[in-house]
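# Geometric and topological summary
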Amino acid sequence: MSILDTLFSVQGKTAVVTGGAKGVGAMISRTLVEAGADVLIVGRGVQAGKAFAASLDGPGKATFLAHDLGTTAGVEAAAADIAGRVPALHILVNNAGLFSAGAIEDARADQWDRELGLNLRAPFFLAQALLPQFKAASRPGDPARIISIGSIGALWGRSSNGAYAYGASKAAIHQLTRMMASDLTAQGITVNAIAPGFFPSDMTDGFFAAVPGLKDQMIAGIPAGRLGSPEDIGGAVLFLASRAGAYVSGTVLPVEGALWQA
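Calculation criteria
Residues numbered from 1 in each chain as written. Predicted model: local features only at pLDDT ≥ 70, side-chain atom pairs only at ≥ 80, totals over all residues. Heavy atoms only, no water. UniProt positions renumbered as here; feature names shortened; annotations may be inferred. pLDDT = per-residue confidence, 0-100. Helix = DSSP H or I, 4+ residues; strand = E, 2+ residues; numbered from the N terminus. Buried < 20%, exposed > 50% of the residue type's maximum accessible area, 1.4 Å probe, protein only. Pairing = 2+ DSSP bridges. Right-handed = clockwise from strand over helix to strand, strands pointing away. Contact = heavy atoms within 4.5 Å. Phe/Tyr/Trp six-rings, centres within 6.5 Å; stacked < 30°, edge-to-face > 60°. Axes fitted to C-alpha atoms, helices over the stretch in contact; angles between N-to-C directions. Left-handed = near helix turned anticlockwise from the far one by under 90°. Nonpolar A, V, L, I, M, F, W, Y, C, P; charged D, E, K, R; others polar.

The protein appears in an unreviewed UniProt entry as 3-oxoacyl-ACP reductase from Sphingobium baderi. According to its UniProt record, the protein has this under Sequence similarities (unreviewed entry): "Belongs to the short-chain dehydrogenases/reductases (SDR) family." Recorded in UniProt under Catalytic activity (unreviewed entry), the annotation for the protein is "2,5-dichlorocyclohexa-2,5-dien-1,4-diol + NAD(+) = 2,5-dichlorohydroquinone + NADH + H(+)".

This is the structure:
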């Protein structure tokens, strides 16, 4: 076995990726399956989700579970479904999310509540419900992993064209990551977040569509000179989910081509 296998393997591990059939979530699901993990993809679009799961090819396998994490009942149903399928869960990637942006005068309480419900409440209560499965998977030197997808929009002090609920929920995810890590790391569960910059997805397409010319302007401002790729986000998840990242907990990892950092 090579050092790469020793450090970065997730072969035979079980993983859950919420919102894992589209955008960044799909990139993560594909990476984990190709790396040998068995992945439960949680999402709402049944037909498209099942087709995506069936299209994945690798040593691992993917199964689509249809649940709406935007409601408390949906989170509870998803947790029960996952627990019934995998008694030990090595990796949870909290990726499902909603995005909206607009003038401050147009912000609505119902949309705000929907975004915070899916982006913030669901990750916490899904992880809470699956604590027995995490503990069953944890081993000395190889903890279970909770990885939440935050955002560059929660790192910089900009409204991102009025993405108030989105930015606030992702900033809360970053803080929630630190707080959960302070409690769960000693129990054999690491908790980290990734703060992506701009990757091709339905969410960023909507963001760019809101402002003509924004995409080209944004790429011109990224020191790396491009949007993120599946390898970028997939590699970050593999690092945090494998032996290489076993001693990392409570961190927020920006993956954004130096757009915010530089």
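With that settled, consider the confidence of the model for the protein. Per-residue confidence for the protein averages 95 on the pLDDT scale, and 99% of its residues sit at or above 70. For the protein, per-element mean pLDDT is lowest for helix α8 (residues 202-209), which scores 73, and highest for strand β4 (residues 91-94), which scores 99.

Attention shifts here to the pairing of β4. Both faces of β4 are covered, namely the face carrying I91 and V93 and the face carrying L92 and N94. Strand direction decides the pairing type here: strand β1 (residues 14-18) and β4, joined by three bridges, are parallel. Residue pairing in the sheet places V17 in a bridge with V93 of β4. Relative to strand β5 (residues 144-149), β4 runs parallel, the two being bridged by four bridges. When the sheet's bridge partners are listed, L92 is paired in β5 with I146.

The next point concerns the pairing of strand β3 (residues 62-66). As paired elements, strand β2 (residues 38-43) and β3 share five bridges and run parallel to each other. Bridging across to β3, I41 finds its partner in F64. Handedness of the crossover joining β2 and β3 through helix α3 (residues 46-55): right-handed.

Another point: the environment of A35. Along the chain, A35 falls in the loop between α2 (23-34) and β2. Counting along the chain gives 43 residues from A35 to A78, while the straight-line C-alpha distance between them is 24 Å. Excluding residues within four positions of it along the chain, A35 makes contact with V10, Q11 and L238.

Turning to the packing of aromatic side chains, a few remarks are in order. By the definition in use, this model includes three aromatic pairs. Relative to Y166, the ring of F99 has its centre 5.0 Å away and its plane inclined at 75 degrees; by these criteria the two rings are edge-to-face. Within this pair, whereas F99 is found in the loop between β4 and α5 (109-129), its partner Y166 is found in helix α7 (residues 164-184), the two being separated by 67 residues in sequence. F99 gets classed as partly exposed once you look at its relative accessible area, which sits at 21%. Note on F124 and F125: the rings are 4.9 Å apart at their centroids and 90 degrees apart in plane angle, and the pair reads as edge-to-face. Looking at F124, the relative accessible area reads 28%, which means it is partly exposed.

Relative orientation of the contacting elements helix α4 (residues 72-85) and α5 amounts to 35 degrees, with a least axis distance of 9 Å. Where α4 crosses over α5, the handedness of that crossing is right-handed. The residues of α5 that touch α4, namely those facing T72, V75, A79 and I82, are R121, A122, F125, L126 and A129. Within the contact of α4 with α5, the residues separate by chemical class into seven nonpolar, one polar and one charged.

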